[in-house]
Amino acid sequence: MLADSILEGLNPEQRRAVETTEGPLLVLAGAGSGKTRVLTSRIAYLIGVCGIPAESILGVTFTNKAAGEMRERVEKTLGPSAGGLWLSTFHSMCVRILRRDIGALERSRGFVIYDDADSLGICKQVLKRHGLDPRQYEPKRLRWRIDEWKNQGLLPADAASQAADIDDELSAELYGTYQRLLFDANALDFGDLLLQTVELFKRAPQVLDWYQRRWQYVLVDEYQDTNRVQYQLVRMLAASHGNLCVVGDPDQSVYAWRGADIRNILDFEEDYPNAKVIKLERNYRSTQPILSGATAVVENNLGRKKKNMFTEREGGELIHFFEAENEREEASFVVGRILHASRNEGRSLGEFAILYRTNSQSRAFEEELLKYDLPYVVVGGVRFYERAEIKDILCYLRLLVNPDDAQALSRIVNKPARGIGKTTLERVEALAAEREISLRAALGAFAREGAARRTAGKIREFLDLLQDLDRFAERPVDEIIAEVLERSGYMKALVAEDNPDAEVRIDNLRELVASAEDFHAVNTGSEGEERSELELYLDQVALISDLDSYEHKPQSVSLMTAHSAKGLEYGVVFLVGMEEGVFPHANSSYDEERLEEERRLCYVGMTRAMEQLFLTCARERRRFGSHSYQSPSRFLREVPEELMQVQHSPGRGQRSSRTRASRRTREDRLDRSYSQETHDEEGGIQRGTRVRHSVFGLGTIEGVSGEGVNQKLKIKFDRAGIKTVMVRYANLELA
DNA sequence: GACGCCGGGTTTTTT
DNA sequence: ACCCGGCGTC
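A quick note: this is a predicted structure, and the numbers were derived from the prediction, not measured.

**Student:** Mind laying out the overall build of chain A, listing which residues take part and the relevant values?
**Tutor:** A tally of helices and strands in chain A yields 30 helices and 23 strands. Sorting the 735 residues of chain A into buried and exposed places 54% on the buried side. Considering only residue pairs separated by 6 or more positions, chain A has 74% of its internal contacts joining residues 24 or more positions apart. For chain A, the exposed area adds up to about 33400 Å²; of that, 48% sits on carbon and sulfur atoms.

**Student:** Tell me about the protein's contact with DNA strand B, and please be specific about residues and values.
**Tutor:** The environment of DNA strand B is formed by 29 residues, the closest being Phe62, Arg357, Thr424, His585 and Arg594. Among all atoms of DNA strand B positioned within 4 Å of the protein, those belonging to sugar or phosphate total 53%. Residue Asn414 places a side-chain N or O atom 3.3 Å away from a phosphate oxygen belonging to DNA strand B. Between a phosphate oxygen of DNA strand B and a side-chain N or O atom of Thr423, the distance comes to 3.1 Å. Breaking the surface near DNA strand B down by element, the ones donating at least two residues are α20 (422–435) and α27 (592–606). Its residues placed into classes, the surface near DNA strand B shows seven nonpolar, 17 polar and five charged.

**Student:** For the protein's contact with DNA strand C, give the residues involved together with the corresponding values.
**Tutor:** Every residue lining DNA strand C is accounted for by Arg135, Arg363, Arg622, Phe624 and Gly625. Here, DNA strand C places atoms within 4 Å of the protein, and 38% of those atoms are sugar or phosphate. Note that a base nitrogen of DNA strand C is positioned 3.4 Å from one of the backbone N or O atoms of Phe624. Class assignment of the residues belonging to the surface near DNA strand C gives a composition of one nonpolar, one polar and three charged.

**Student:** Pulling in residues and values, what's your account of the environment of Tyr590?
**Tutor:** Looking at the secondary structure, you find Tyr590 in the loop between β15 (570–575) and α27. Sequence-wise, Tyr590 and Ala44 are 546 residues apart; in three dimensions their C-alpha atoms are separated by 46 Å.

**Student:** Outline the packing of aromatic side chains, supporting the account with residue identities and numerical values.
**Tutor:** As enumerated under the stated definition, the model contains 15 aromatic pairs in all. Both rings, one in Tyr255 and one in Trp257, keep their centres 5.7 Å apart while their planes meet at 45°; by these two values the pair is tilted. The exposed category is assigned to Trp257, whose relative accessible area is 52%. On the numbers, 3.9 Å between centres and 15° between planes, the contact of Phe322 with Phe333 is stacked. Highlighted residues: Phe322 in strand β11 (residues 319–326) and Phe333 in helix α16 (residues 327–344), separated in sequence by eleven residues. As far as burial versus exposure is concerned, Phe322 and Phe333 are alike and both buried. The structure contains a cluster of three or more aromatic residues connected by ring pairs, namely Trp86, Phe201, Trp210, Tyr211 and Trp215. Positioned above the aromatic ring of Tyr137 is the side chain of Arg141, whose terminal nitrogen or guanidinium carbon lies 4.7 Å from the ring centre. Above the ring of Tyr272, the side-chain terminus of Arg235 is found at 5.2 Å from the ring centroid.

**Student:** Residues and numbers for the pattern of salt bridges, please.
**Tutor:** Applying the stated criterion across every chain yields a total of 56 salt bridges. Asp225 serves as the salt-bridge partner of Lys566, at 2.5 Å between the closest nitrogen and oxygen. Taken together, the positions of Lys566 in the loop between β14 (557–561) and β15 and Asp225 in the loop between β6 (217–220) and α12 (228–238) put the pair 341 residues apart, joining distant regions of the chain. For the pair shown, Lys566 and Asp225 are each scored as buried. Put simply, Glu611 and Arg347 hold a salt bridge, and the shortest N to O gap is 3.1 Å. Of this pair, Glu611 sits in strand β16 (residues 609–623) while Arg347 sits in the loop between α16 and β12 (352–356), placing them 264 residues apart in sequence. Taking relative accessible area as the criterion, Glu611 reaches 25% and is therefore assigned partly exposed. Of the residues examined, Arg347 reaches a relative accessible area of 13% and is grouped as buried.

**Student:** Any chance you could break down the packing of helix α18 (residues 388–401) against helix α23 (residues 477–487) for me, citing the residues and the numbers?
**Tutor:** Axis separation between α18 and α23 bottoms out at 10 Å; the angle between their running directions is 110°. Looking at the two axes, α18 sits roughly perpendicular to α23. Crossing hand, α18 versus α23: right-handed. Taken together, the residues of α23 that come into contact with α18 (itself represented by Ile393, Tyr396, Leu397 and Leu400) are Ile480, Ile481, Val484 and Leu485. When grouped by side-chain class, the residues that make up the contact of α18 with α23 number eight nonpolar, no polar and no charged.

**Student:** Quick one: what's the story with the pairing of β11, residue by residue and with numbers?
**Tutor:** Note on strand geometry: in a regular strand, side chains alternate between the two faces of the sheet. Taking burial as the measure, the eight residues of β11 include eight buried ones, the bulk of the element. Bridging between β11 and strand β18 (residues 644–646) involves three bridges; their strand directions are parallel. When the bridges of β18 are listed, His320 appears paired with Gln645. Here six bridges tie β11 to β16, and the two strands are oriented parallel to one another. Bridging across to β16, Phe322 finds its partner in Thr616.

**Student:** Explain the sheet that holds strand β7 (residues 244–248) to me, using residue names and the numbers behind them.
**Tutor:** Pairing in this open sheet of six strands is parallel, and the strands run β3-β2-β6-β7-β1-β8 from one edge to the other. At either end of the open sheet lies a strand with only one pairing partner, and these are β3 (86–89) and β8 (276–280). Between one strand axis and the next, the sheet turns through 15° on average, direction left out of account. In this structure, β6 lies alongside β7, joined through three bridges in parallel fashion.

**Student:** Outline the nonpolar core, listing residues and values.
**Tutor:** Ile393, Leu397, Phe462, Ile481, Leu509, Leu512 and Tyr537 are the most contacted members of the largest nonpolar core, which has 54 residues in total. The element that contributes the greatest number of residues to this core is α18, accounting for eight residues. Ignoring sequence-local partners within four residues, the contact set of Leu512 consists of Phe384, Tyr385, Ile390, Ile393, Ile481 and Tyr537. Counting 43 residues, the second largest nonpolar core, distinct from the first, contains Leu58, Val218, Val234 and Met236.

**Student:** Please provide a residue-by-residue account of a nonpolar patch on the surface, values included.
**Tutor:** There is a patch of nonpolar side chains on the surface, built from Met1, Leu2 and Val49 and spanning about 320 Å² of accessible area. Tracing the chain through its elements places Met1 in the segment before α1 (2–7). Of the residues examined, Met1 reaches a relative accessible area of 88% and is grouped as exposed.

**Student:** Mind laying out the state of the cysteines, listing which residues take part and the relevant values?
**Tutor:** Tallying each qualifying case throughout the model produces zero disulfides. With no disulfide of its own, Cys123 lies 16 Å from the sulfur of Cys395, the closest cysteine sulfur. Free cysteine: Cys245, not disulfide-bonded; nearest cysteine sulfur from Cys50 at 13 Å.

How each quantity is defined
Positions within a chain are numbered from 1, following the residues in the order the chain's sequence is written. Here the convention is simple: chains get letters from A, ligands get numbers from 1, in the order in which they are written. In view of the model being predicted, local features appear only for residues whose pLDDT reaches at least 70, and side-chain atom pairs are presented and counted only at 80 or more, with totals across whole chains, interfaces and linings using the full set of residues. Neither water nor hydrogens contribute to the side-chain values; these are computed over all heavy atoms in the structure. Note on conventions: DSSP H or I runs of at least 4 residues are helices, E runs of at least 2 residues are strands, and numbering of each starts at the N terminus. Under the scheme applied here, a residue whose accessible area is under 20% of the maximum for its type counts as buried, over 50% as exposed, and between as partly exposed, the area being computed with a 1.4 Å probe on protein chains only. Pairs of residues are marked as contacts when any of their non-hydrogen atoms sit within 4.5 Å. Only the protein chains shown count as cover for residues, and the accessible areas themselves come from Shrake-Rupley with a 1.4 Å probe. In these notes, residues near a molecule or strand are those with any non-hydrogen atom within 4 Å of it. Two N or O atoms form a polar contact when they lie within 3.5 Å of each other; inside protein one atom must be a possible hydrogen donor and the other a possible acceptor, and for residues adjacent in sequence the pair counts only when both atoms belong to side chains. For this scheme, ten residues count as nonpolar: Ala, Val, Leu, Ile, Met, Phe, Trp, Tyr, Cys and Pro. Four count as charged, namely Asp, Glu, Lys and Arg, and the remainder, Gly too, count as polar. Stacked, edge-to-face and tilted labels apply to pairs of Phe, Tyr and Trp rings (six-membered ring for Trp) whose centres lie within 6.5 Å, assigned for plane angles under 30 degrees, over 60, and everything in between, in that order. Geometrically, a lysine NZ or arginine CZ counts as sitting over a ring once it is within 6 Å of the ring centre and also within 35 degrees of the ring normal. One speaks of a salt bridge when a side-chain nitrogen belonging to Lys or Arg is within 4 Å of a carboxyl oxygen belonging to Asp or Glu. Orientation is described by axes fitted as lines to C-alpha atoms, over the contacting stretch for helices, and by angles from 0 to 180 degrees between their N-to-C directions. Roughly parallel means an angle under 35 degrees; roughly antiparallel means over 145; roughly perpendicular covers 65 to 115; every other angle is labelled oblique. By definition, turning the near helix anticlockwise from the far helix through less than a right angle yields a left-handed crossing, and turning it clockwise yields a right-handed one. Here, strands pair whenever DSSP counts at least two bridges between them. In plain words, nonpolar cores are sets of buried Ala, Val, Leu, Ile, Met, Phe, Trp, Tyr and Cys residues tied together by side-chain atoms within 4.5 Å. For patch building, the residue pool is restricted to those with more than 30% relative accessible area and no salt bridge; the joining distance is 9 Å between like charges and 5 Å between nonpolar side chains (Val, Leu, Ile, Met, Phe, Trp, Tyr). The rule for a disulfide is simple: a pair of cysteine sulfur atoms within 2.5 Å.

Written as structure tokens, this is what we have:
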């Protein structure tokens, strides 16, 4: 009965992938082949049909979002019997393991997780301690090198023994110092979460044994994106029983730059000799021209495992191609098509996605969407938890959990300004290094011994503040944050700034408090946890990505990089910026392997489309503030001509007939309309002014930012709430 | 120690 | 064009 309902609607290959429960299994799942469905059905089958307890199953994905969706779908099929199932990302799985068992490595379970910025800060410290000039040996390069080693599963000693030249030897030594500083701060960086878990399993076999017994069935999603450490981790976990199911698509491997090793999936059959292989080649997503076009592109990669993808969605529109004069025209074309299709084809805005190679490309499209008041969501870019003000407050919180957190301490020691500046901090850091004590201890010591009376007083005040805050550590997180904002004087200092920029930051902090309230509300159920709410909160924010919080809004256009779009699908996709140097990216254009990765990324982008796919490029584009002229992407030439249909600029003649002169008039016209609009608003713009917006109605100006044509207004509308609009597009009237 | 100006790098993709 | 860090001035 249950078996039937789980297997119902699966094609023979999918069904086989679900029913082959024992032993190593590789599922090669092409784009749109129902991979997630297979994974969730398989889990449901293991629990509901084979009678495997949910807690014996481990499912690993790359994003929290994917894990959450999978859990949701399994629970829908099975109800409460899915409880105890472990579905998580590699990173959060490792955090949970380490929180429980890192004691076996003689480390404290109360470690904090360092993000990229913290790691970079440590790198700077390392260079300082080795007396190296950061201009000569760049902190970023060191950070990158260390990350690379960690992705390969190498500790400082391994790195040193493999060093090929003097430069590598030095770097390996710096890596050693880096690890010591992390250790002293009781911190682990992203790479450590994986690396130290492998290390734990190596050094404490009884711990590994415990997890091997616990998880009798291991599933890994997006296996083509695993790096060497993740590979080792999976191998260790599945070693005793071999019940390992990995799902992936070599054609969608786009994270080699982050250490992903495509060999992991290509060599699976060698690594696990009795492995079974199932290919899912039937595409349920895209129409024929889209699938054929995308496949034609990726077939230009050499050394690729051949797949024969097919779709039953015969017919369908050809792939549309549009070449714009510049990025403004490109954006205007895309948004024009969205307007047209949403009005005439009855599509909701949520069915459209604009995909690009780099985050910086979002801007032109955002401005154009703003112009027509079309709601949109940008995924990625500057992440919420990385904004300066948010990080500041999180650093205060981190210090409540881990007083040794040197990065957190040095970040907030003078935020808000409290008279403990750079010079003092440098002296304290030197003292900490010299006596091998924590930064916090060094602060105290400096106040007692080295500091001028004035400075000593300020340091004491600061240390008192931290101590004062400590008593809130066990309270709900939103309350702790509120206390920090209040008692540190952080909020007061921001309010005193009294400018639109500070107001945005205040809003962000309010949002932080609100999201912490949510966390508290959701989290109150899990009482039995021995870890405090604050600790759980910090773990979560450290591992959350922008993509995780991306909710598909049915009434908003989605904007994101092709990388972020992996695993998602949309009715209409615009893959924009198809120019040499942009896509493929200039940095990847001269290396065959990297170029192939760009090509796979193009394949990923194209296969996100279900019914309509638009490829666009611009002849001219502003980059780094100056003009650049690029030829159309080579990937465009790789799409068979008969699958493409050239679009022409709306309201204008054929491309060939367009002359410089006619373009000139157009630009003149645009220029005129801008200056006119700006002129209309002159003198009327300031806080408190009442204005009327054609869509949002009456509102009060709350803030002004930007200059000239880029001037933006933050307006509190009586009915529509607070919105930021660009003056030149908003069509405002004084009310 | 705070503030402001200047110069250089930046935009590759992110758990 | 923008952001950040470094350096000089107050």
